[in-house]
Amino acid sequence: MSTRLSDEELIRQYLSGQPTHCFKALYDRYVNKVYRRCLSMTKDPSKAEDFTHDIFLKVFNKLDAFQERSSFSTWLYSISFNYCSDQIRLARRVQMTDIEDSANYNIPDATEEHLHEETLHLVNRAMKSLSANEQALLRLKYEDGMSIATISAMLNLKESTVKMRLKRSRDKIYKLYSRLHTT
């Protein structure tokens, strides 16, 4: 029965006293998507699983705050993104590392494959030096393939703001990559 109801109908049903059916249906519909979002941001399956559970607890404790201004999936995705960003930011405060403190990388006479790996490694190092929000924005656009319009709706930003932030983040990556590549 609950699989035929829309997300919004399930939420109305939950708020009217049938939480078990609603929770199970919405959880089953979105757990994999939330987990993949968390995994793409944390790169750690264990953390992604923990974050996924935390996000669903948070969502269902605040379900009455859902006002249907956007779809439930967009609202859930926004909460997931913000939760992961906050957790990553907190973890960085605890364990700050400076890009200059990292090991020096000498490129020996190497094969093309090694050069490709080195390039990927340098890009990843440059990515890690960006803020969690900058990284997440780049991942939404380039890993998840989201449109500017979708990202702007999800993050409650103007499309021009999203475009500018993407450009600035790409520019930072390029500058950091160039700096790392020449050292």
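For every chain, the first residue of the written sequence is number 1, and numbering continues from 1 onward in sequence order. Two thresholds apply to this predicted model, a pLDDT of at least 70 for residue-level local features and 80 or more for giving and counting side-chain atom pairs, whereas whole-chain, interface and lining totals are computed over all residues. Computation of side-chain values: all heavy atoms of the structure, hydrogens and water removed.

A. How the structure looks around the overall build of the protein. Segments assigned H or I by DSSP are reported as helices when at least four residues long, segments assigned E as strands when at least two residues long, and all are numbered from the N terminus. Within the protein, the regular secondary structure consists of 8 helices and 0 strands. When its helices and strands are written in sequence order, the protein yields α-α-α-α-α-α-α-α. Burial analysis of the protein (183 residues in total) assigns 36% to the buried set. By definition in these notes, contact holds between two residues if any of their heavy atoms fall within 4.5 Å. For the protein, contacts bridging at least 24 residues in sequence account for 59% of all contacts bridging at least 6. For the protein, the computed accessible surface area is about 11800 Å², with 51% contributed by carbon and sulfur atoms. When accessible area is computed with a 1.4 Å probe and restricted to protein chains, residues below 20% of their type maximum are described as buried, those above 50% as exposed, and intermediate ones as partly exposed. Computed with a 1.4 Å probe, the accessible areas rest on the Shrake-Rupley method; for each residue, only the protein chains presented here act as cover.

B. Looking closely at the packing of aromatic side chains. Only rings of Phe, Tyr and Trp enter the pairing, Trp through its six-membered ring, and a pair is recorded when the two centres are within 6.5 Å. The plane angle decides the type: under 30 degrees is stacked, over 60 is edge-to-face, the rest tilted. Enumeration according to the criterion identifies 5 aromatic pairs in this entry. By the ring-pair criterion, three or more aromatic residues cluster together here, those being Tyr 27, Phe 56 and Phe 60.

C. Seen up close, the layout of surface pockets. Here a cavity is any set of points on a 1 Å grid over the protein atoms alone where a 1.4 Å probe fits but cannot get out, and a pocket is any open set with protein on both sides within 12 Å along at least 5 of 7 lines; a residue lines the site when it has an atom within 4 Å of a point. Grid points are joined across faces, edges and corners, and a volume is the space filled by probe spheres set on the points. Its boundaries defined by the atoms lining it, the second largest pocket holds a volume of some 280 Å³. Taken together, Ala 65, Phe 66, Gln 67, Glu 68, Arg 69, Ser 70, Thr 74, Trp 75, Ser 78, Ala 153, Met 154 and Asn 156 form the lining of the second largest pocket. Elements with a contribution of two residues or more to the lining of the second largest pocket: α4 (72-94) and α7 (148-155). It is α4 that provides the largest number of residues to the lining of the second largest pocket, a total of 3 residues.

D. Broad picture of the confidence of the model for the protein. Scored by pLDDT, the protein has a mean of 77; 78% of the residues are at 70 or more. Per-residue confidence from the predictor is reported as pLDDT, which spans 0 to 100. At the level of individual helices and strands, the protein shows its lowest average pLDDT in helix α5 (residues 112-128), which scores 65, and its highest in helix α3 (residues 45-61), which scores 89. Every residue in residues 97-104 is under pLDDT 50, and counting partners more than four places away or in other chains gives 7 contacts. Note on residues 106-110: pLDDT is under 50 here. Beyond four places in sequence and across chains, it has 4 contacts.

E. Representation of the state of the cysteines. The definition used for a disulfide is geometric: two cysteine sulfur atoms within 2.5 Å. With the rule as written, the count across this model stands at 0 disulfides. There is no disulfide at Cys 38, and the cysteine sulfur nearest it, in Cys 84, is 3.3 Å away. In this structure Cys 38 comes out as buried when scored by relative accessible area, which is 0%. Given the relative accessible area of 0%, Cys 84 is considered buried.

F. Molecular detail of the side chain of Ser 40. Topologically, Ser 40 is positioned in helix α2 (residues 19-42). Dropping the residues within four chain positions of it, Ser 40 is found in contact with Arg 139 and Glu 143.

G. Representation of α7 in the model. Among the residues of α7, those classed as buried are Ile 148, Ile 151, Ser 152, Met 154 and Leu 155. Along the axis of α7, the buried residues cluster in a sector spanning 165°; they form a single face. This arc corresponds to the set of directions leading from the helix axis out to the C-beta atoms.

H. Summary view of α3. To estimate how far a helix should extend, the number of its residues minus one is multiplied by 1.5 Å. Between its first and last C-alpha atoms α3 spans 24 Å; for 17 residues at 1.5 Å apiece the expected length is 24 Å, and the two agree. Among all positions of α3, only Ala 48, Phe 51, Thr 52, Ile 55, Phe 56, Val 59 and Phe 60 are buried. Taken end-on, α3 shows its buried residues confined to a sector of 160°, consistent with a single buried face. Across from the buried face of α3, at angles greater than 90 degrees, the exposed residues are Leu 57 and Asn 61.

I. Geometry of the nonpolar core. Only buried residues count toward a nonpolar core, which is a set of Ala, Val, Leu, Ile, Met, Phe, Trp, Tyr and Cys residues joined through side-chain atoms within 4.5 Å. Within the largest apolar cluster, 44 residues are counted, with the highest numbers of intra-cluster contacts made by Leu 26, Ile 55, Val 59, Leu 63, Phe 72, Leu 76 and Leu 140. Contributions of two or more residues to this core are made by α1 (7-15), α2, α3, α4, α5, α6 (132-143), α7 and α8 (159-182). The element that contributes the greatest number of residues to this core is α4, accounting for 9 residues. When residues no more than four places from it in sequence are discounted, the contact partners of Leu 26 are Asp 7, Leu 10, Ile 11, Phe 56, Phe 60 and Phe 72.

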